[in-house]
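# A closer look at the structure
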Amino acid sequence: MPAPDVAALLVQLERSEPDIAEPARVAVEWLAGGEALETISQFDVCEFLWYTLPIKVPGDQATIARALGKLLRLAGMERYAALCDSPATARILLTYAREGEEAGTSAYHRELESTGVLPPDVPELSWSSIMGPEELGAHVACAAALELAIVAGDPVDREELTRRWLTAPRAELGGDCWLHRVHGERLNRWVLGRGTARRELAQPFEVRLHAPIEAPAEPHLEPLRWLLDLARTGVRLTERLNVGRAVAAEAAGRFGWAAPTRPGAESRAVRGEADVPAVTELRRIAVHDLGALRRSGRRLVLTTTGRNLLDDPAALWEAAAATLLVPAPGEHDFEISIRESALMILVDGDAVPDGDLRDRVAEVVNGEGWRSADGGRVTGVDLSHPLARLRHRLDALGLAAGASGGSGPAAPTRASGPARDAYVWRLTGTGRRAALAALRAQALRPRQYAGLG
């Protein structure tokens, strides 16, 4: 039996309780948006009562909530009507009124989580707080599926149900699945970006990044595997909590990380971690980005996450490749845009002199509207720190083919003129795959409001 017509319900309410008919009309217009009441879900009602009503709807909020409850009862939707009159709704509205929007929104999220109808993040997809139409459709559909399962009274594994709902082919999507739709939407948004130069650079990647980038068959990420394996028995640290000289020297010899001097000079003997920047970067990746190592006293030890990554090569590849674009503490979108543009330029394997890379990246970020600290156009010097971080990461993961003018990898300098071209950027075959995997992870990341993780 179809739900009663909203107009007819409002006429009935006008006759029985004329004082709340207008608040009920306001509420149902916000809630249903002109659609039939049978299209709404518990998630829709909760979102209206606990977020939209206190933030966006003018008027007496308690009266509007009560009026909506009356209308929903007339429609025979008792479960939803009970939410309008619930202590949770009264408590959340009071929190907004007394403590402000931030406290009210936090109370809304806690209460919504407790209902069980909020789709959780799953390994395949972390939900955005800013959703496009496809992601919003997927989120609403998953919430409705969770609600139906809860109402049926069966035990509900929210994560498993959400994964199944996202990945199963659906007739209403022409045989596609919601996960592909969301990924396609995010990838398209990333490709469009800002600025003509950025769009032209990114456009070919919409097709290239459509499918996951598989790990290469040959050995790869050898420095990271070596460090994690070494940590099974613990890596001793110095009094200053650096990796000891023996380990730093072994890494330098094993992976060609000769201690740097000035360009063209002989490499000096390794005296400690400070002489091998790639070791420091490798440790940052393993400890801070992957959570694979932790410090225990004066030792680096393998975590449960680290053991799992060592045992799962596909997971290690995906997690490690993504660290090429993970922001460092204090970094913002500007620095990420620089490294992202550099990877797109380098991904096809051509050798690119450092000066040329800086010029091309500067063109992209200027076109996006970024400006230097003094408000002028971004120049090659402004790119030094983000590009140096990228090069250290490529070196640390064994993804760089090495720079000209020296026996091993080296980070770009702040030099200008001919000296700035002393180094040549070039990725290994595995490095090109890792760059694609990092770009895909960046493109598919969830969009969040500032301050939300």
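## Points about the packing of helix H10 (residues 178-192) against helix H21 (residues 429-443)
Between two packed helices, both the angle of their axes relative to each other and the distance between the axes serve to describe the pair. Running from N to C, H10 and H21 cross one another at 100°; their axes reach a closest spacing of 8 Å. When the axes of H10 and H21 are compared, the pair comes out roughly perpendicular. Between H10 and H21, the residues in contact are His183, Arg186, Leu187, Arg189 and Trp190 and Leu439, Arg440, Gln442 and Ala443, respectively. Partitioned by chemical class, the residues of the contact of H10 with H21 number four nonpolar, two polar and three charged.

## Considering helix H2 (residues 18-32)
Taking 1.5 Å per residue, 15 residues should reach 21 Å; H2 reaches 21 Å between its end C-alpha atoms and fits that length. Among the residues making up H2, those that are buried are Ile20, Ala21, Pro23, Ala24, Ala27, Val28, Leu31 and Ala32. Contact partners of the buried residues in H2: helix H1 (6-16), helix H3 (42-56) and helix H4 (61-74). Gly33, located one to two residues past H2, shows a positive phi value of around 60°.

## Describing the pattern of salt bridges
Scanning the model with the defined rule gives 29 salt bridges in all. Here Arg25 ties to Glu29 by a salt bridge, and the two come within 2.8 Å at their closest N and O atoms. Of the two residues, Arg25 and Glu29 both sit in helix H2, four residues apart, roughly one turn of that helix. Classification of Arg25 by relative accessible area gives partly exposed; the value is 28%. Judged by relative accessible area, Glu29 falls into the partly exposed class, the value being 47%. The salt bridge partner of Arg389 is Glu281, with a shortest N-O separation of 3.7 Å. One end of the pair, Arg389, is in helix H20 (residues 384-396); the other, Glu281, is in helix H15 (residues 277-289), and 108 residues separate them in sequence. A single network of salt bridges, built from pairs that share partners, joins Glu281, Arg284, Asp289, Glu331, Arg339, Arg389 and Arg393.

## Things to note about the packing of helix H13 (residues 222-230) against helix H14 (residues 245-255)
At a closest axis distance of 11 Å, the pairing of H13 and H14 adopts a crossing angle of 150°. Judged on the interaxial angle alone, H14 and H13 are roughly antiparallel. Both H13 and H14 take part in a crossing whose hand is right-handed. Every residue of H14 that contacts H13 at Glu222, Pro223, Trp226 and Leu230 is listed here: Val247, Glu250, Ala251, Arg254 and Phe255. Looking at side-chain class alone, the contact of H13 with H14 contains six nonpolar, no polar and three charged residues.

## Considering the packing of aromatic side chains
The geometry of an aromatic ring pair is captured by the separation of the ring centres together with the interplanar angle, meaning the angle of the planes. Applying the stated rule across the entire model yields four aromatic pairs. Judged by centre distance (5.1 Å) and plane angle (45°), the ring pair of Phe255 and Trp257 falls under tilted. Pairwise contacts between aromatic rings join Trp226, Phe255 and Trp257 into one cluster. The side chain of Arg170 reaches across the aromatic face of Trp165, ending 3.7 Å from its centre. Across the ring face of Trp370, the terminal group of Arg194 is positioned such that the distance to the ring centre comes to 5.0 Å.

Conventions used here
- Residues numbered from 1 in each chain as written.
- Predicted model: local features only at pLDDT ≥ 70, side-chain atom pairs only at ≥ 80, totals over all residues.
- Heavy atoms only, no water.
- Axes fitted to C-alpha atoms, helices over the stretch in contact; angles between N-to-C directions.
- Helix = DSSP H or I, 4+ residues; strand = E, 2+ residues; numbered from the N terminus.
- Parallel < 35°, antiparallel > 145°, perpendicular 65-115°, else oblique.
- Contact = heavy atoms within 4.5 Å.
- Nonpolar A, V, L, I, M, F, W, Y, C, P; charged D, E, K, R; others polar.
- Expected span 1.5 Å × (residues − 1).
- Buried < 20%, exposed > 50% of the residue type's maximum accessible area, 1.4 Å probe, protein only.
- Salt bridge = Lys/Arg side-chain N within 4 Å of Asp/Glu carboxyl O.
- Left-handed = near helix turned anticlockwise from the far one by under 90°.
- Phe/Tyr/Trp six-rings, centres within 6.5 Å; stacked < 30°, edge-to-face > 60°.
- Lys NZ or Arg CZ within 6 Å of the ring centre and 35° of its normal.

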